[in-house]
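# Summary of structural features
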There are 2 protein chains.
Amino acid sequence: MSSQSQNTGRRPELRHDPVANRWVIFSPARAKRPTDFKSKSPQNSNPGDNSSCPFCIGNEHECAPEIFRVPSDPNWKLRVIENLYPALSRNIEGPCEEKEDMGVPARAIAGFGFHDVVIENPVHSVHLCDMEARDIGQVLLAYKKRIQQIASVESIKYVQVFKNHGASAGASMSHSHSQLLALPIIPSAVSARFEGMNEYFKKTGKCSLCEVQAKELLIDESTHFISIVPFAATYPFEMWIIPRAHSSHFHEFDCDKMVELGGLLKLMLRKMSLQLNNPPFNFMIQTSPLQVKESELSYAHWFLQIVPQLSGAGGFEMGSGCYINPVFPEDAAKVLREVNLPVAG
Amino acid sequence: MSSQSQNTGRRPELRHDPVANRWVIFSPARAKRPTDFKSKSPQNSNPGDNSSCPFCIGNEHECAPEIFRVPSDPNWKLRVIENLYPALSRNIEGPCEEKEDMGVPARAIAGFGFHDVVIENPVHSVHLCDMEARDIGQVLLAYKKRIQQIASVESIKYVQVFKNHGASAGASMSHSHSQLLALPIIPSAVSARFEGMNEYFKKTGKCSLCEVQAKELLIDESTHFISIVPFAATYPFEMWIIPRAHSSHFHEFDCDKMVELGGLLKLMLRKMSLQLNNPPFNFMIQTSPLQVKESELSYAHWFLQIVPQLSGAGGFEMGSGCYINPVFPEDAAKVLREVNLPVAG
């Protein structure tokens, strides 16, 4: 494909499609990513072979620059580094000016942003769900700390935290990691979520996620969190972990509750793995835009969304944005609720 | 997975998620679909083996009821039939009443709708892009005719026409076919597109798709259509075929231009196949809601969207609704423009 070599010298750019009504990131660097997956199945990768893995302890020199590590000594437990193949560039000088381009009256801005990787464990074969709750808590605290750092950059509007586990869930490296992508725009799904939550609040006077109580949808709960299958889950066996108390921004949430959240996340990942035969999965932290204050957001409530990759999207979903879920949420919740696993410490 | 057997007796339902702000179809029947793909690669299916394919000529009795065929005799060239595993049910009595359900204040309606299959060719091994332009034109006319029939049902708000080619693009049958799904709601991507197009119109006084002229984005053109890579293409090598004259509803478009459209569609599919190594793909007809009149839609313009499946979505795309495209549209357009293929008759 000759176009990729033509692209390599170009800078990333964000373009707004006036028809689809959303922003798209154009990022030639992403085409150059290597993969350590031999096939699309995560089981086929060799989890013991870490000789060539840049995320393994001892191979730090093969990575893009480090942002911070925990603890800050050679025996680190996690590292936050720059992505070697960033979707957006932190090195684009000047403000994000809009420009008319290509002879069509559509908007484009320079592809400024941050794209970081959180290496969740120094050991290649240890996945997030194998880790202890307190170490998963450290990973969550690393997300929080990094978002707090990024929040000082005025042109960044939203930070998407996400994890891809397994090649078919979008991971290019099998070593357990997650990512943060800090954007100079508010992406369309976040705007839609805000409109939805705001509309609900205007109608009922209550926050849509403070309200969730339905027993049939409950998977599990802890002191400060509940986990449910949402009433209109987009994907089969989709799970949400929601803080009980109203909270709009993940990065302003209490540090001392992150271990508890880590324990519930671990439990959900293990239940999913056991009941659904270790599927590839994604999780995302669904939080609020950075430049909006917590006090103004009585309708917005952050949550952690876990999605096992059980079915792909086809033309119907791509065209309409409407998904077909073959499993009713109350049935999925029952299946997940009834696995008995101890809450790991 | 025990939940699927529990589901089989239930009727489909549409639920609105107040948080994600979109409708989801819950359809237990979809879990029961068989597949004739041996693996996720369309090349691995055996295109010569039609003995067990219900879509082949001679096997009509294995299909769900027929809606119409062209021509209307035993030697049909195409058939429109009901989907044996419909996402929505045409047999749900009564109107689509909203109900409060599950103790959570969210909306649900009965899963009423039509889900049809267009068998594009009687022969198992003939794909759409192998067919002559006039026969592809007949397939497009079948879409139009079927939408016109459905348009008389007042509770249907939108019809999504789509094609999945290849297992990884969502196809469960290798015999060349496409589908229509008629919905009692306007799906979120359609609402977003309408808002985008309307906003553009308010700003410029012009329709966003009547305006497209950029030479750098052009792939090809015919008397009444142009094909482009859109300025902010969501997916690499995404293509749009757009009628030059303003037209809001595909099913109200001139019958006598469908062969020309079929020829340009064939050309785009062949260019894509040649330049991108025969990828799985989807195409979708992006049209306007049924109950809105053409005369009220000076901002809405239908188009046919073709998307080769070259990269999957990960947690970032799922969480944010923002896509990362490694190929700039002007580069993709150049690659597709410069393949020389004759316009087939």
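Reading guide: rules and limits
- Residues numbered from 1 in each chain as written.
- Chains lettered and ligands numbered in written order.
- Predicted model: local features only at pLDDT ≥ 70, side-chain atom pairs only at ≥ 80, totals over all residues.
- Heavy atoms only, no water.
- Helix = DSSP H or I, 4+ residues; strand = E, 2+ residues; numbered from the N terminus.
- Phe/Tyr/Trp six-rings, centres within 6.5 Å; stacked < 30°, edge-to-face > 60°.
- Buried < 20%, exposed > 50% of the residue type's maximum accessible area, 1.4 Å probe, protein only.
- Lys NZ or Arg CZ within 6 Å of the ring centre and 35° of its normal.
- Least-squares fit on C-alpha atoms with pLDDT ≥ 70 in both.
- Contact = heavy atoms within 4.5 Å.
- Expected span 1.5 Å × (residues − 1).
- Arc of directions from axis to C-beta.
- Core = buried A, V, L, I, M, F, W, Y, C linked by side-chain atoms within 4.5 Å.
- Pairing = 2+ DSSP bridges.
- UniProt positions renumbered as here; feature names shortened; annotations may be inferred.
- Buried area = accessible area lost by both parts, 1.4 Å probe.
- Salt bridge = Lys/Arg side-chain N within 4 Å of Asp/Glu carboxyl O.
- Polar contact = N/O pair within 3.5 Å; in protein donor to acceptor, adjacent residues only side chain to side chain.
- Nonpolar A, V, L, I, M, F, W, Y, C, P; charged D, E, K, R; others polar.
- Axes fitted to C-alpha atoms, helices over the stretch in contact; angles between N-to-C directions.
- Parallel < 35°, antiparallel > 145°, perpendicular 65-115°, else oblique.
- Left-handed = near helix turned anticlockwise from the far one by under 90°.

### Examining unusual backbone geometry
The step from A:Val70 to A:Pro71 runs through a cis peptide bond, and the omega angle for that step is -10°. Mapped onto the secondary structure, A:Pro71 falls in the loop between strand 3 (66-70) and strand 4 (78-82). The backbone phi angle of A:Asn21 is positive, close to 65°, even though this residue is not glycine. Its place among the elements puts A:Asn21 in the loop between strand 1 (13-17) and strand 2 (22-26). At B:Asn278, a residue that is not glycine, the phi angle is positive and equals roughly 50°. Inspection of the secondary structure puts B:Asn278 in the loop between helix 4 (258-275) and strand 13 (281-286).

### Regarding the packing of aromatic side chains
Across all of its chains, the model carries 18 aromatic pairs over all chains by this definition. Their ring planes at 25° and their centres at 5.7 Å tell us that A:Phe328 and B:Phe26 sit as a pair that is stacked. Of this pair, A:Phe328 sits in the loop between strand 15 (323-325) and helix 6 (329-337) while B:Phe26 is found in strand 2 (residues 22-26), placing the two residues in two different chains. With a relative accessible area of 0%, A:Phe328 lands in the buried category. The ring of B:Phe328 has A:Arg10 lying over it, and the distance from NZ or CZ to the ring centre is 3.8 Å. The positively charged end of A:Lys145 is found above the aromatic ring belonging to A:Phe68, 4.1 Å away from the centroid.

### Considering the relation of the copies chain B and chain A
Note on the identical chains: chain B maps onto chain A by a rotation of 180° and an axial translation of 0.0 Å, with an RMSD of 0.0 Å. Here the transformation between the copies is reduced to the relation of a two-fold axis. Of all interface residues in chain B, 100% are interface residues in chain A too; the two copies therefore contact each other through one and the same surface.

### A look at helix 3 (residues 188-204) of chain B
Residues lying three or four places apart along an α-helix face the same way, a consequence of the helix completing one turn every 3.6 residues. Residue and element names in this part refer to chain B. When the terminal C-alpha atoms of helix 3 are compared, their 24 Å separation across 17 residues agrees well with the 24 Å that a helix rising 1.5 Å per residue should span. Among the residues of helix 3, Val190, Arg193, Phe194, Gly196, Met197 and Tyr200 are the ones counted as buried. Projected down its long axis, helix 3 shows its buried positions confined to an angular sector of 165°, all on one face. Away from the buried face of helix 3 by more than 90 degrees, exposed residues Lys202 and Lys203 are located. The positive-phi residue at the C-terminal boundary of helix 3 is Gly205, with phi of around 75°.

### Quick look at the nonpolar core
A:Leu140, A:Tyr143, A:Ile241, A:Phe250, A:Leu265 and A:Ile306 are the most contacted members of the largest nonpolar core, which totals 52 residues. Of all the elements, helix 4 (residues 258-275) of chain A adds the most residues to this core, at 8 residues. If near-sequence neighbours (up to four positions away) are discounted, A:Tyr143 is found in contact with A:Val118, A:Glu120, A:Val161, A:Ser178, A:Leu180, A:Phe250, A:Phe283 and A:Ile285. In this structure, B:Leu78, B:Ile147, B:Phe237 and B:Ile241 belong to the second largest nonpolar core, which totals 50 residues.

### Considerations on the pairing of strand 13 of chain B
Residues and elements named next belong to chain B. Across the 6 residues of strand 13, 6 count as buried, placing the element largely inside the fold. Going residue by residue along strand 13, you find Phe281, Phe283 and Ile285 tucked away on one face and Asn282, Met284 and Gln286 tucked away on the opposite face as well. As paired elements, strand 8 (residues 158-165) and strand 13 share 5 bridges and run antiparallel to each other. Following the sheet pairing, Lys163 is matched in strand 13 by Phe283. In this sheet, strand 14 (residues 303-308) lies alongside strand 13 in antiparallel orientation, the contact comprising 6 bridges. Looking at the pairing, Gln286 lines up with Phe303 of strand 14.

### What to know about helix 2 (residues 133-150) of chain A
Compared with the 26 Å implied by 1.5 Å per residue over 18 residues, the 26 Å span of helix 2 of chain A between its first and last C-alpha is a close match. Every buried residue belonging to helix 2 of chain A is among A:Ala133, A:Asp135, A:Ile136, A:Gly137, A:Val139, A:Leu140, A:Ala142, A:Tyr143, A:Lys144, A:Arg146, A:Ile147 and A:Ile150, and all of these are buried.

### Considerations on the UniProt feature "active site" (unreviewed entry) in chain A
All names here are of chain A. The feature "active site" (unreviewed entry), as annotated in UniProt, sits at His177 in this numbering. Residue placement: His177 occurs in strand 9 (residues 177-183). Look past the residues within four positions of His177 in its chain and what remains in contact with it is Phe55, Val117, Val118, Ile119, Glu120 and Lys163.

### Thoughts on the interface of chain B and chain A
A common way to state how big an interface is: give the accessible area lost once the parts meet. On the side of chain A, 88 residues touch chain B, which itself brings 88 residues to the contact. The contact between chain B and chain A buries some 7,500 Å² in all, and 64% of this surface belongs to carbon and sulfur atoms. The largest per-residue losses of area from chain B upon contact with chain A belong to B:Val19, B:Phe231 and B:Phe328, which jointly make up 11% of the total buried on that side. Taken together, the connections running from chain B to chain A amount to 6 salt bridges. The partner of A:Glu330 in a salt bridge is B:Arg10, and the shortest N-O contact between them spans 3.0 Å. If you look at where chain B meets chain A, you find 26 residue pairs in polar contact (both at pLDDT 80 or more). In terms of residues, the side of chain B that touches chain A owes the most to one element, helix 3 of chain B, which gives 9 residues. Here the residues of the side of chain B that touches chain A sort into 50 nonpolar, 23 polar and 15 charged. Here 3 bridges tie strand 15 of chain A to strand 2 of chain B, and the two strands are oriented parallel to one another. Along strand 2 of chain B, the bridge assignment pairs A:Ile324 with B:Ile25.

### Some details on the side chain of B:His115
Residue and element names in this part refer to chain B. Mapped onto the secondary structure, His115 falls in strand 7 (residues 114-119). Accessibility expressed as a relative area gives 1% for His115, which makes it buried. Polar contacts involving the side chain of His115 include one to the main-chain amide nitrogen of Ala87, which spans 2.9 Å. Excluding residues within four positions of it along the chain, His115 makes contact with Arg30, Glu82, Asn83, Tyr85, Pro86, Ala87, Arg90, Phe162, Gln179, Leu180 and Leu181.

### What to know about the packing of helix 2 of chain A against helix 4 of chain A
All names here are of chain A. Look at helix 2 against helix 4: their axes get within 7 Å of each other, and the N-to-C directions meet at 115°. Here helix 2 lies roughly perpendicular to helix 4, going by the angle between them. The two elements helix 2 and helix 4 cross, and the hand of that crossing is right-handed. Of the residues in helix 4, those touching helix 2 at Ala133, Arg134, Ile136, Gly137, Leu140, Leu141 and Lys144 are Met258, Val259, Leu261, Gly262, Gly263, Leu265 and Lys266. Classifying every residue of the contact of helix 2 with helix 4 by side-chain character gives 8 nonpolar, 3 polar and 3 charged.

### Points about the sheet that holds strand 10 (residues 218-221) of chain A
Residues and elements named next belong to chain A. Reading across the sheet, the 10 strands line up as 3-4-7-9-8-13-14-12-11-10 and stay open at both edges, with antiparallel pairing between neighbours. Each edge of the open sheet is held by one strand with a lone partner, namely strand 3 and strand 10. Taking each pair of neighbouring strands and ignoring which way they run, the sheet shows an average axis angle of 15°.

### Focus: the sheet that holds strand 10 (residues 218-221) of chain B
All names here are of chain B. Judged by pairing direction, the sheet is antiparallel, and its 10 strands sit side by side in the order 3-4-7-9-8-13-14-12-11-10 without closing on themselves. Every interior strand has two partners, whereas the edge strands, strand 3 (66-70) and strand 10, have only one. Going from strand to strand, the sheet's axes swing by 15° on average, the running direction of each strand aside. Sheet analysis places strand 3 next to strand 4 (residues 78-82), joined by 4 bridges and oriented antiparallel. Bridging across to strand 4, Arg69 finds its partner in Arg79.

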